[in-house]
Structure formats: C-alpha cells, structure tokens
Amino acid sequence: MASPDERLTAKLEQLPISDDAPMCSLLRTTLLKHAQHGSDITEPTVLGLLAITGALEERLTRLEAMIQPVSTTT
C-alpha cells in the first residue's frame, strides 16, 4: 500500500498540463519536490491550486492573444 506522499506524488506526476502552461509546469515541479521530501502538503490544496493556476494562465494567454496589436503591412 502506497503512503500518502507516494499517492500525492503519483497524482501530481499524472496531471495533464499543456506545453502552453509554463507556470503550471513550474508549480507542479516545485510541489513534486516538496512532496518527495516529505513536506506537509495536503492533496486538495495542491490540486486546487494547480487547477486555479491553469485556468488563470489559460485566460491570460487568450487575453494576450486578443489584445496584441494586429500587424499591418505598408
């Protein structure tokens, strides 16, 4: 039977994070390091934080694409 730290580490490693989400990837890497070293991180907090960060990053990416000036050729 896996320990809580092992289960958390496995879940963090399996989270789908797109290549367009560098902040989420960095956050996951940091949290994995903490979990692997036995730091007290509760699973719901970690997964919730990743979900929120992912949603915010996706929205920011879309917003940036919308407000970038349209290139004009003269």
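Novice: For helix α1 (residues 4-14), give the residues involved together with the corresponding values.
Specialist: Listing the buried residues of α1 in full gives Leu8, Thr9 and Leu12. The buried residues of α1 occupy an angular sector of 100° when projected down its axis, which confines them to one face.

Novice: Go over a nonpolar patch on the surface with me, naming the residues and quoting the values.
Specialist: There is a patch of nonpolar side chains on the surface, built from Leu60, Leu63, Met66 and Ile67 and spanning about 430 Å² of accessible area. Summarising the element assignment, Met66 is placed in helix α3 (residues 43-67). Using a relative accessible area of 66% as the deciding quantity, one classes Met66 as exposed.

Novice: Tell me about the pattern of salt bridges, and please be specific about residues and values.
Specialist: Using the criterion set out here, one finds 1 salt bridge in the structure. The salt bridge involving Arg62 is made with Glu58; its shortest N-O contact spans 2.6 Å. Of this pair, Arg62 and Glu58 both sit in helix α3, 4 residues apart, which is roughly one turn of that helix.

Calculation notes
Residues numbered from 1 in each chain as written. Predicted model: local features only at pLDDT ≥ 70, side-chain atom pairs only at ≥ 80, totals over all residues. Heavy atoms only, no water. Buried < 20%, exposed > 50% of the residue type's maximum accessible area, 1.4 Å probe, protein only. Helix = DSSP H or I, 4+ residues; strand = E, 2+ residues; numbered from the N terminus. Arc of directions from axis to C-beta. Patch = residues over 30% accessible without salt bridge, like charges linked within 9 Å, V, L, I, M, F, W, Y side chains within 5 Å. Areas by Shrake-Rupley, 256 points an atom, 1.4 Å probe, with all protein chains shown as cover. Salt bridge = Lys/Arg side-chain N within 4 Å of Asp/Glu carboxyl O.

Limitation: the analysis is restricted to geometry and does not speak to function.
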